[in-house]
Amino acid sequence: MSQQPSPANRQQQLKQEVARAALTYIEDDMILGVGTGSTVNCLIELLPRVRLRGAVASSQVTQDKLEALGIEVMDLNFVGELDLYIDGADEVNPNLQLIKGGGGALTREKIVAAASKEFICLVDESKWVTTLGREFPVPIEVLPQARSYVARELARMGGEPVYREGFVTDYGNVILDTYDLDVQRASEMEARLNNIVGVVCNGIFAANQADKLLIAKETGIETLLR
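Bear in mind that the values here come from a model prediction, so they are computed numbers and not experimental data.

Draft legend 1. Structural view of the overall build of the protein. When helices and strands are tallied, the protein shows six helices and 13 strands. Radius of gyration (C-alpha) of the protein: 17 Å, near the 17 Å computed for a compact globule of 226 residues. Seen along its three principal axes, the alpha-carbon backbone of the protein occupies a region of about 50 × 50 × 35 Å. When the 226 residues of the protein are sorted by exposure, 52% land in the buried category. Here the contacts in the protein between residues at least 6 apart in sequence split such that 68% fall between residues at least 24 apart. In the protein, which carries 22 positive and 32 negative side-chain charges, the distance between the mean positions of the two groups comes to 2 Å.

Given below as structure tokens:
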């Protein structure tokens with residue numbers, strides 16, 4: 001009798017399956033926007049199978065992984081609009097709105113997503129939720145000097161901000177992982193958070209939601225369009 005994989009191993013298998021599905025959307029000679037995280041890492045391992053002209057990385061971690069495979073990493077300022085950006089998510093709802101930033105790269109991720117014609121999001125089924133923010137906190141990138149002030153403002157909004165100790169973003173800022181925010185109206189909350197002085201960016205992707213979602217399920221890969 002064959003032994004069933006552990007839940008963690010099965011989740012990793014699902015990530016690999018959705019990464020293989022995403023590979024079919026990448027064309028030769030494309031400059032690809034590449035996200036950050038465990039699911040995207042599975043995709044990065046497959047990228048040598050495609051003849052890319054180059055890539056734009058959403059984090060230093062991703063840049064290092066791409067360069068280790070011999071893929072040229074380009075500066076977004078010099079490549080113009082990207083045809084495609086592929087990234088994962090910490091949560092995704094039926095409107096294809098996301099929470100991202102568990103790896104702390106939310107600002108660069110949002111920039112590359114905004115600069116791309118199409119954003120494909122890859123997740124396993126554990127990331128699917130009906131309402132954002134009930135389980136996963138909203139990461140908020142904050143200027144270091146403004147950390148305490150922003151935390152007080154978040155508390156006034158009903159949130160519970162937790163300083164991500166020992167972590168600094170690629171831009172030298174800090175992260176407040178904020179629980180208990182009401183994200184039922186994701187677009188409104190995204191804009192409201194961005195209006196707090198000292199906030200650089202927040203992990204709600206509503207203005208830059210996914211155009212296409214690939215979900216790895218036990219029954220196979222499901223594709224949803226915005």
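Draft legend 2. Focus on the pattern of salt bridges. Under the defined criterion, the tally for this structure stands at 15 salt bridges. One salt bridge connects Asp28 with Arg51, and the closest N-O pair in it is separated by 3.5 Å. Here Arg51 lies in the loop between α2 (38-46) and β2 (54-57) and Asp28 lies in the loop between α1 (7-23) and β1 (31-34), a separation of 23 residues in the sequence. Measuring nitrogen to oxygen at the nearest pair gives 2.5 Å for the salt bridge that ties Glu222 to Lys217. Among the residues examined, Lys217 registers a relative accessible area of 25% and is labelled partly exposed. Bridged by salt links that share partners, the residues Arg10, Glu17 and Glu218 form one connected network.

Draft legend 3. Just the sheet that holds strand β7 (residues 138-142), in detail. Here we have four strands laid out as an open sheet, ordered β8-β9-β7-β10, and antiparallel in their pairing. Each edge of the open sheet carries a strand with a single partner, namely β8 (160-163) and β10 (199-202). Averaged over all neighbouring strand pairs, the angle between strand axes comes to 30°, with direction disregarded. Across three bridges, β7 lies against β10 in antiparallel orientation. Pairing of Val142 across the sheet is with Val199, part of β10. The sheet strands contacting helix α6 (residues 186-194) are β7 and β10, and the helix crosses β10 at an angle near 160°.

Draft legend 4. The arrangement of the pairing of strand β13 (residues 220-225) in detail. Of the strand pairs in this sheet, strand β12 (residues 212-217) and β13 are connected by six bridges, and their pairing is antiparallel. Each bridged residue has a counterpart across the sheet, and for Leu213 the counterpart in β13 is Leu224.

Draft legend 5. Local environment of the nonpolar core. Core analysis: the largest hydrophobic core is formed by 28 residues, its most contacted members being Ile26, Leu32, Leu43, Leu47 and Ile86. Elements supplying a minimum of two residues to this core: α1, β1, α2, β2, β3 (82-87), β6 (116-124) and β12. Here this core takes six residues from α1, the largest share from any one element. With 22 residues, the next largest nonpolar core counts Ala146, Leu154, Leu176 and Leu193 among its residues.

Draft legend 6. Region of the structure containing unusual backbone geometry. If you check the backbone angles, Leu96 has positive phi at about 65° while not being a glycine. Residue placement: Leu96 occurs in the loop between β4 (91-92) and β5 (98-99). Using a relative accessible area of 2% as the deciding quantity, one classes Leu96 as buried. Backbone geometry places Asp180, a non-glycine residue, at a positive phi of 70°. Looking at where Asp180 falls in the secondary structure, it is placed in the loop between β9 (174-179) and α6.

Thresholds applied
Residues numbered from 1 in each chain as written. Predicted model: local features only at pLDDT ≥ 70, side-chain atom pairs only at ≥ 80, totals over all residues. Heavy atoms only, no water. Helix = DSSP H or I, 4+ residues; strand = E, 2+ residues; numbered from the N terminus. Rg over C-alpha atoms; globule rule 2.2 N^0.38 Å. Buried < 20%, exposed > 50% of the residue type's maximum accessible area, 1.4 Å probe, protein only. Contact = heavy atoms within 4.5 Å. Lys, Arg positive; Asp, Glu negative; His and termini not counted. Charge placed at Lys NZ, Arg CZ, Asp CG, Glu CD. Salt bridge = Lys/Arg side-chain N within 4 Å of Asp/Glu carboxyl O. Pairing = 2+ DSSP bridges. Axes fitted to C-alpha atoms, helices over the stretch in contact; angles between N-to-C directions. Core = buried A, V, L, I, M, F, W, Y, C linked by side-chain atoms within 4.5 Å.

None of the figures reported here should be taken as evidence of function without further support.
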